[in-house]
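Fold and contact review
Single-letter residue listing:
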Amino acid sequence: MPIEAVHLTHCYSEGSAFRTVALDDVSFRIDDGEFVGIIGHTGSGKSTLVQHLNGLLKPSSGQVLIDGEDLNGEHVNRRELRQRIGLVFQYPEYQLFEETVAKDIAFGPKNQGLSENEIDERVRYAMECVHLDYEKYAERSPFELSGGQMRRAAIAGVLAMRPSVLILDEPTAGLDPRGRDRVLSMLEDLHAKEHVTTLMVSHSMDDMARLATRLIVMSEGKIVAQGTPREIFSQEKMMTSIGLDVPDAARLCRVLREKGYDLPADLYRLDELKEHLLRLWKEAKTC
């Protein structure tokens, strides 16, 4: 299910002295099965943008098209369209409230009026997607879980609604390295196995290097670049000019090139850099 922003503009405090343009003529399209990352400095408009894609905010002008339908159209069924877009806010575990993990994940499907069998199937499906064993965790209180497990349980509550598009706003924020890696692995597996169209906001360039198939770069409410991670992360000067970094591997690769190592200019993943360095070592060893 494609999702599209068409000349999207949003102003806060319209008509007052405090008017602020948060989004300025933003246009892009996300096709089925993509994993798109949105990056930008704090205040660049990322969170405002994703709230438009779920209909939580209405644009000052422009459109959000869900499978060709205007989300804010006069005769559109907004509730039905919104149910097809799963939005995971920052720190979604703060919204956990039920006495067991299973009941919390089941809350959304129950509100959809599904049968008990369908609800149970969805809870089991969602827990499998987020790498939480049903037999071990279903009847436990969500507040007994670790921070990373709570985060995954909260994401499972969104997945149980079976959205066509999953939107995540800083899904690893505040987690320790282990919890962060578990969430990233879960998202990686979910996209690979279920082909869920995914849009993720993150400040971590390493997370984007690991997961995204395409990047949208924002600055001051505008899109300043779009492309594959390889295309975007090879533009280090552009990135630093708008207050962004590049992945650790890309930065290390630049340092090594400056020291005379024969490495491509567009490496951005540690596994790629490791492979090239091993090749150079083997070639030097045979000389």
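Above: the structure in question.
Residues numbered from 1 in each chain as written. Predicted model: local features only at pLDDT ≥ 70, side-chain atom pairs only at ≥ 80, totals over all residues. Heavy atoms only, no water.

**Structural notes on the packing of helix α3 (residues 101–111) against helix α4 (residues 116–129)**
- Following both chains from N to C, one finds α3 and α4 inclined at 120 degrees, their axes separated by 9 Å at the closest point. On the basis of their axis angle, the class for α3 and α4 is oblique. Along this stretch, α3 crosses α4, giving a crossing that reads as right-handed. In this structure, α3 contributes Val-101, Ala-102, Ile-105, Ala-106, Pro-109 and Lys-110 to the contact, and α4 contributes Ile-119, Arg-122, Val-123, Ala-126 and Met-127. (Axes fitted to C-alpha atoms, helices over the stretch in contact; angles between N-to-C directions. Helix = DSSP H or I, 4+ residues; strand = E, 2+ residues; numbered from the N terminus. Parallel < 35°, antiparallel > 145°, perpendicular 65-115°, else oblique. Left-handed = near helix turned anticlockwise from the far one by under 90°. Contact = heavy atoms within 4.5 Å.)

**A closer look at the sheet that holds strand β9 (residues 214–219)**
- Spatial strand order, β6-β7-β8-β3-β9-β10: 6 strands in an open sheet with mixed pairing. In this open sheet, the two edge strands, each paired with only one partner strand, are β6 (85–88) and β10 (222–227). Between one strand axis and the next, the sheet turns by 15 degrees as a mean value, whatever way the strands run.
- On top of the sheet, helix α6 (residues 147–159) reaches β6 and β7 (165–169); it is set at about 165 degrees to β6, its chief contact. (Pairing = 2+ DSSP bridges.)

**Some words on the environment of Leu-215**
- Relative to the assigned elements, Leu-215 resides in strand β9.
- When the C-alpha positions of Leu-215 and Glu-231 are compared, they lie 9.1 Å apart, and in sequence the two are 16 residues distant.
- In contact with Leu-215, other than residues within four places in its own chain, are Gly-37, Ile-39, Met-208, Ala-225, Gln-226, Gly-227, Pro-229, Ile-232 and Phe-233.

**Examining the packing of aromatic side chains**
- A complete count under the given rule lists 3 aromatic pairs for this structure.
- Both rings, one in Phe-97 and one in Phe-107, keep their centres 5.1 Å apart while their planes meet at 85 degrees; by these two values the pair is edge-to-face. Of this pair, Phe-97 sits in the loop between β6 and α3 while Phe-107 sits in helix α3, and the two are 10 residues apart along the sequence.
- On the accessibility criterion, Phe-97 (46% relative accessible area) is partly exposed. (Phe/Tyr/Trp six-rings, centres within 6.5 Å; stacked < 30°, edge-to-face > 60°. Buried < 20%, exposed > 50% of the residue type's maximum accessible area, 1.4 Å probe, protein only.)

**A closer look at the pairing of β9**
- Of all 6 residues in β9, 6 are buried; the element is thus mostly enclosed.
- Alternating residues of β9 divide into Arg-214, Ile-216 and Met-218 and Leu-215, Val-217 and Ser-219, and every residue in both groups is buried.
- Across 5 bridges, strand β3 (residues 35–40) lies against β9 in parallel orientation. Within β9, the position partnered with Gly-40 by the bridge is Met-218.
- Bridging between β9 and β10 involves 5 bridges; their strand directions are antiparallel. Bridge assignment links Val-217 to a residue of β10, and that residue is Ala-225.

**Here we look at the pattern of salt bridges**
- Per the stated rule, a full pass over the model turns up 23 salt bridges.
- A salt bridge links Arg-210 to Glu-188, with the nearest nitrogen and oxygen atoms 3.3 Å apart. With Arg-210 in helix α8 (residues 205–211) and Glu-188 in helix α7 (residues 177–194), this pair connects stretches of sequence that are 22 residues apart.
- Residue class for Arg-210 comes out partly exposed when judged on its relative accessible area of 24%.
- Where Glu-236 meets Arg-254, a salt bridge forms, and the shortest distance between an N and an O atom there is 2.8 Å. Pair noted here: Glu-236 is in helix α10 (residues 236–241) and Arg-254 is in helix α11 (residues 248–258), with a separation of 18 residues, a long-range link.
- Assessed through its relative accessible area of 19%, Glu-236 is described here as buried. (Salt bridge = Lys/Arg side-chain N within 4 Å of Asp/Glu carboxyl O.)

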